[in-house]
Every structure is written in C-alpha cells, then in structure tokens.
Amino acid sequence: MKPFRYETATDPAAAVDLLSREPRAAFLGGGTNLVDLMKLGVEVPEMLVDVSRLPFDEIAGTDDGGLRVGATVRNSTLAVHPVVRERYPALSQALLAGASPQLRNLATIGGNLLQRTRCTYFQDVGKPCNKRRPGSGCPARSGVHRDLAVLGASQHCVATHPSDMAVALAALDARVHCVSVEGTRTLPVAELHRLPGDAPDRDTVLEHGELITAVELPPPAQGARSAYRKARERASYAFALASAAADLRVTDGTVEHVRLAFGALAAKPWRARAAEEALLGRPATEESFGRAVDQELAAAEPLRDNGYKIPLARRLAVALLTDLTGDHAGGAR
Ligand SMILES: Cc1cc2nc3c(=O)[nH]c(=O)nc-3n(C[C@H](O)[C@H](O)[C@H](O)COP(=O)(O)OP(=O)(O)OC[C@H]3O[C@@H](n4cnc5c(N)ncnc54)[C@H](O)[C@@H]3O)c2cc1C
Ligand code: SF4
C-alpha cells in the first residue's frame with residue numbers, strides 16, 4: 001500500500017476544509033471498502049480524513065414523523081433499530097441482507113452509499129477500466145459481465161452499484177444531507193448515483209469534498225407495507241444478482257400507493273417509475289404486477305451473459321408485491 005497521511009476529523013467544517021485543500025484526499029468511514037481498494041492499488045489517496053468519529057451517530061425522529069439517521073451510524077445499529085424494524089422493514093431487511101455481521105458492525109451509512117462497484121476489472125489495476133482510468137476501455141462489455149448492468153449502462157461502462165441499503169432507501173423516498181465548503185444541500189437518494197454515460201469515473205453527483213452528514217426517511221405512507229428481497233449465489237455473504245424493494249398500499253384490491261426499486265441492475269438503485277405509474281389505481285393482482293414490471297424492464301439491454309437478470313428481477317418484484325398484498329406480509333404498519 002502506498003504511504004498516506006491520516007487525520008481524524010473533529011468537526012464537519014474541519015473535515016470538508018481538509019478535503020477541499022487536498023485533491024487526492026478521501027473521507028474514511030468504516031474503511032471496509034476504501035481500505036480494501038487501497039490495498040489493491042485502485043484507490044491511492046494522499047490523505048485519509050477519518051469521519052467515523054464525527055457527531056453523526058444518532059438515529060432520531062423528525063418533526064414530521066420521519067427518521068433522521070446520522071452518516072456515521074453503523075449498518076448493524078440501523079438494521080436492528082426498533083423504529084426501523086417496525087416502520088421501515090425494507091430498510092432493516094436490506095441492511096441484514098448485506099455483507100456479514102462483522103462488516104456491518106464497521107460499515108457506516110455514508111460509506112455504504114458511496115461504496116464502489118465490484119466489477120472485477122475495476123478491482124484489477126493490471127486491466128483497463130474506464131471507471132478507474134478514463135479512456136482506457138471497458139473489457140467487461142465483451143468479457144466477464146455476468147453480474148453487471150442491464151439497465152442504464154453505456155458503451156463506456158456496464159458496472160452495477162452494489163449497495164443493498166441504497167435500494168431500500170430509494171424505494172422509501174429517503175433523502176441525503178450533505179455539507180461542503182460551499183454550504184449544505186439535500187437530494188433524493190434516487191438521484192445521488194449517476195448512470196455512466198461517457199463519464200463512468202463519476203459514480204455520484206457529489207463533488208470532491210462533499211461530506212454526507214445524514215439520511216432522512218419521510219414518515220411511512222399511511223397503511224403501506226414495505227419489504228426487500230435479494231437473489232444471490234449463496235445464502236449469505238454475497239452481493240445481489242438482482243434485488244427489489246417495494247412499499248405498497250392496497251385498498252379494496254386497488255393499488256393506492258406504490259414505490260418500487262431494483263438493485264444490481266444498474267449503476268444506481270433503479271427507481272421503477274414506469275412500473276409505479278402503470279400500477280397506480282390498478283388491481284393488485286399478480287397479472288398486473290407482472291405487466292407493470294415488464295413495462296419497466298422493457299428498457300433493459302442485456303449483454304451476452306447477463307440476460308438472466310431480467311426474468312430474475314421480474315420474479316423477485318412480482319413475488320415481493322404479491323406478498324405485500326397478503327394478510328401476513330412483513331412490515332405492516
Ligand atoms: C466481503 C464483503 C462483502 C460485502 N457484501 C455486501 C453486500 O452484500 N451488500 C452490500 O450492500 N455491501 C456489501 N459489502 C460492502 C460493505 O457494505 C461496504 O464496504 C460498506 O458499507 C462501506 O462502508 P464504510 O463505512 O466501511 O465505507 P468506507 O470504506 O470507509 O468508504 C467507502 C466510500 O465512502 C466514502 N465515505 C465514507 N463516509 C463518507 C461520508 N460520510 N461522506 C462522504 N463520503 C464518505 C469514502 O471516501 C469511500 O469513497 C461487502 C463488503 C465486503 C468486504
Ligand atoms: S464495466 Fe465499468 S467498472 Fe467494469 S471494466 Fe467496464 S468501465 Fe470498468
């Protein structure tokens with residue numbers, strides 16, 4: 001590993017100031033992704049600014065009945081928080097479906113959102129990769145792309161975003177709070193990550209030195225239920241091949257409120273807005289769920305080896321929505 005400087009941030013203003021003065025510096029959360037990438041030589045920061053001890057470790061109710069989660073809260077803490085389990089079950093389930101207990105104990109909310117793709121070429125500095133070295137090429141398109149994107153990819157990159165938590169947050173309409181030397185801003189989680197286009201080296205819309213301070217969940221939609229489902233190659237300790245999070249309210253057999261997001265299909269958590277629109281006011285049947293999801297997935301452009309993700313995601317979403325209409329579905333509120 002290349003030598004680097006290490007600073008512990010004492011307050012957010014100092015943290016963003018340090019980053020703004022050093023173009024090759026990075027924030028350090030739990031380090032479970034960044035330090036691995038540094039060992040591989042993928043990330044080579046001159047300085048790490050440890051933000052894990054900043055005072056963003058609270059989970060607190062908001063005035064409007066929502067929940068504010070500090071960026072340094074650990075994944076394991078959030079997963080078992082009683083309010084999250086009861087009112088935002090999709091979030092708890094997504095967190096518990098990610099990584100291992102040991103990793104979840106270290107991983108932070110901010111770091112989880114900004115973890116980088118698991119594309120094997122990205123992680124191998126001996127290979128070209130447009131995300132790691134712009135303009136060098138994308139060997140994944142014709143090579144190993146079984147785990148990679150079927151939605152929103154470009155000629156330049158077909159990577160997927162690996163976070164389970166981000167998919168649930170996107171379906172729950174969560175917002176991200178950030179601070180930089182320019183001031184503060186808030187944006188929807190669904191708009192945090194970027195599709196690759198011709199600049200796949202930029203994973204998110206955040207600028208260098210912009211610090212995530214919190215994630216905020218709106219109050220749960222009245223009478224709705226949420227859940228997360230993940231398909232993976234092993235029962236635990238594996239990234240998603242496809243995943244889905246949904247929040248659904250059905251009254252008298254009709255869909256009155258629906259939010260749906262897919263994971264592992266694109267470079268961002270994929271909010272299924274076409275499917276949501278197709279479902280609103282329609283009967284809550286397996287058939288109409290299937291039709292709506294087909295409408296969403298019609299935009300998919302699979303490569304040679306990843307077309308299986310389309311029927312897999314369809315089955316996951318239809319089963320999830322169907323379960324949420326049942327009497328015994330998890331996450332009633
Ligand atoms: C073996 C293994 C299996 C895994 N399986 C899964 C899985 O199934 N599902 C899943 O979702 N994840 C999985 N993970 C990934 C794990 O969840 C992430 O590594 C972790 O969530 C990252 O959080 P962190 O705090 O350690 O981030 P770090 O590694 O510290 O940082 C990650 C990135 O976020 C930036 N950053 C950190 N905090 C902030 C902040 N507050 N503001 C701005 N930038 C910040 C860092 O600069 C860095 O770029 C796995 C990891 C491993 C090693
Ligand atoms: S898919 Fe993206 S991350 Fe993977 S090799 Fe191509 S450019 Fe790199």
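Before reading further, recall that the structure is shown in the block above.
Residues numbered from 1 in each chain as written. Chains lettered and ligands numbered in written order. Predicted model: local features only at pLDDT ≥ 70, side-chain atom pairs only at ≥ 80, totals over all residues. Heavy atoms only, no water.

**Examining the site of ligand 2**
Our working definition: Near is defined per residue: the residue qualifies when any heavy atom it owns lies within 4 Å of the molecule or strand. In this count, Pro and Cys sit with the nonpolar residues alongside Ala, Val, Leu, Ile, Met, Phe, Trp and Tyr, while Asp, Glu, Lys and Arg are called charged and the others, Gly among them, polar.
Residues in close proximity to ligand 2 total 13 residues, the closest being Cys119, Cys129, Cys138, Cys157 and Val158. Within the shell around ligand 2, the residues separate by chemical class into ten nonpolar, two polar and one charged.

**Thoughts on the pattern of salt bridges**
To be explicit about the condition: By definition here, a salt bridge exists when the distance from a side-chain nitrogen of Lys or Arg to a carboxyl oxygen of Asp or Glu is within 4 Å. Buried, partly exposed and exposed residues are distinguished by accessible area as a fraction of the type maximum, computed with a 1.4 Å probe on protein chains only: under 20%, between the cut-offs, and over 50%, respectively.
Evaluated as defined, the whole model comprises 21 salt bridges. Arg146 is paired through a salt bridge with Asp147; the nearest N and O atoms lie 3.8 Å apart. Note that Glu276 and Arg271 form a salt bridge whose closest N and O atoms lie 2.7 Å from each other. Per residue, the accessibility class of Glu276 equals that of Arg271, and both read buried.

**Re the site of ligand 1**
Threshold: Whenever a nitrogen or oxygen atom comes within 3.5 Å of another N or O atom, the pair is scored as a polar contact, on the condition that within protein one atom can donate a hydrogen and the other can accept it, and that pairs from neighbouring residues in sequence are kept only if both atoms are in side chains. The protein chains shown are the only cover counted for residues, whose accessible areas, like all others here, come from Shrake-Rupley with a 1.4 Å probe. What counts as a helix is a DSSP run of H or I of at least four residues, what counts as a strand is a run of E of at least two, and both are numbered from the N terminus.
Taken together, 32 residues are adjacent to ligand 1, and Phe27, Gly30, Thr32, Thr108 and Asp164 come closest. Residue Pro162 places a main-chain N or O atom 3.5 Å away from an oxygen atom belonging to ligand 1. Ala238 places a main-chain nitrogen or oxygen 3.3 Å from an oxygen atom of ligand 1. When ligand 1 sits alone it has 980 Å² of accessible area, and the protein chains cover 92% of it. Listing elements by their share of the shell around ligand 1, those giving two or more residues are strand S2 (25-28), helix H2 (34-39), helix H7 (109-113) and strand S8 (211-217). By residue number, the principal contributor to the shell around ligand 1 is H7, which donates three residues. Across the shell around ligand 1, the residue classes break down as 14 nonpolar, 13 polar and five charged.

**With respect to the sheet that holds strand S5 (residues 67-70)**
We count it as follows: Criterion used throughout: strands pair if DSSP finds at least two bridges between them. The axes used here are C-alpha line fits, helices contributing only the stretch in contact, and every angle between their N-to-C directions lies in the interval 0 to 180 degrees.
In space, the five strands of this open sheet follow the order S4-S5-S8-S6-S7, with antiparallel pairing throughout. One side of each edge strand has no neighbouring strand; the edge strands of this open sheet are strand S4 (59-61) and strand S7 (183-188). On average, each strand axis in the sheet is tilted by 20° relative to the strand beside it, whichever way the strands run. Of the strand pairs in this sheet, strand S6 (residues 175-180) and S8 are connected by five bridges, and their pairing is antiparallel.

**Brief notes about the sheet that holds strand S3 (residues 47-50)**
We count it as follows: Two residues qualify as a contact provided that any one of their heavy atoms is within 4.5 Å of a heavy atom in the partner residue.
The three strands lie next to each other as S1-S3-S2, forming an open sheet whose pairing is parallel. Both edges of this open sheet fall to strand S1 (5-8) and S2, since each of them pairs with a single strand only. Each adjacent strand pair in this sheet contributes to an overall mean axis angle of 25°, direction not counted. Strand direction decides the pairing type here: S2 and S3, joined by four bridges, are parallel. Bridge pairing in S3 links Ala26 to Leu48. Across the sheet, helix H1 (residues 12-21) lies against S1, S2 and S3, angled at about 150° from S2, the strand it touches most.

**Quick look at the packing of helix H10 (residues 286-297) against helix H11 (residues 309-325)**
How we decide: In these notes the angle categories are as follows: under 35 degrees is roughly parallel, over 145 is roughly antiparallel, 65 to 115 is roughly perpendicular, and the rest is oblique. Should the near helix be turned anticlockwise from the far one by less than a right angle, the crossing is left-handed, and should it be turned clockwise, the crossing is right-handed.
Where H10 contacts H11, the axes come no closer than 9 Å and their chain directions differ by 140°. Classified by the angle between their axes, H10 and H11 sit oblique to one another. Remark: the crossing between H10 and H11 carries right-handed chirality. Within the contact between the two elements, H10 uses Glu286, Phe289, Gly290, Arg291, Val293, Asp294 and Leu297 and H11 uses Ile310, Ala313, Arg314, Ala317, Val318, Leu321, Thr322 and Thr325.

**Here's the deal with helix H5 (residues 89-96)**
In terms of burial, H5 is a largely internal element, six of the eight residues being buried. Those residues of H5 lying buried are Pro89, Ala90, Leu91, Ser92, Ala94 and Leu95. Summarising the contacts, the buried residues of H5 are in contact with helix H3 (75-79), helix H4 (82-87), helix H6 (101-106), helix H8 (165-171), S8 and strand S9 (225-231).

**Notes on H10**
What counts is decided by this rule: A helix is expected to span 1.5 Å multiplied by its residue count minus one.
With twelve residues, H10 should cover 16 Å at 1.5 Å per step; its first-to-last C-alpha distance of 16 Å lies within 8% of that length. Among the residues of H10, those classed as buried are Ser288, Phe289, Gly290, Ala292, Val293, Glu296 and Leu297. The elements touched by buried residues of H10 are strand S10 (242-251), strand S11 (254-263), strand S12 (270-271), helix H9 (273-279) and H11.

**Quick word on the side chain of Asn75**
Relative to the assigned elements, Asn75 resides in helix H3. Look at Asn75 and you get buried, because its relative accessible area is 4%. A distance of 3.4 Å separates the side chain of Asn75 from the backbone oxygen of Thr108, its partner in a polar contact. In contact with Asn75, other than residues within four places in its own chain, are Leu95, Arg104, Ala107, Thr108, Ile109 and Asn112.

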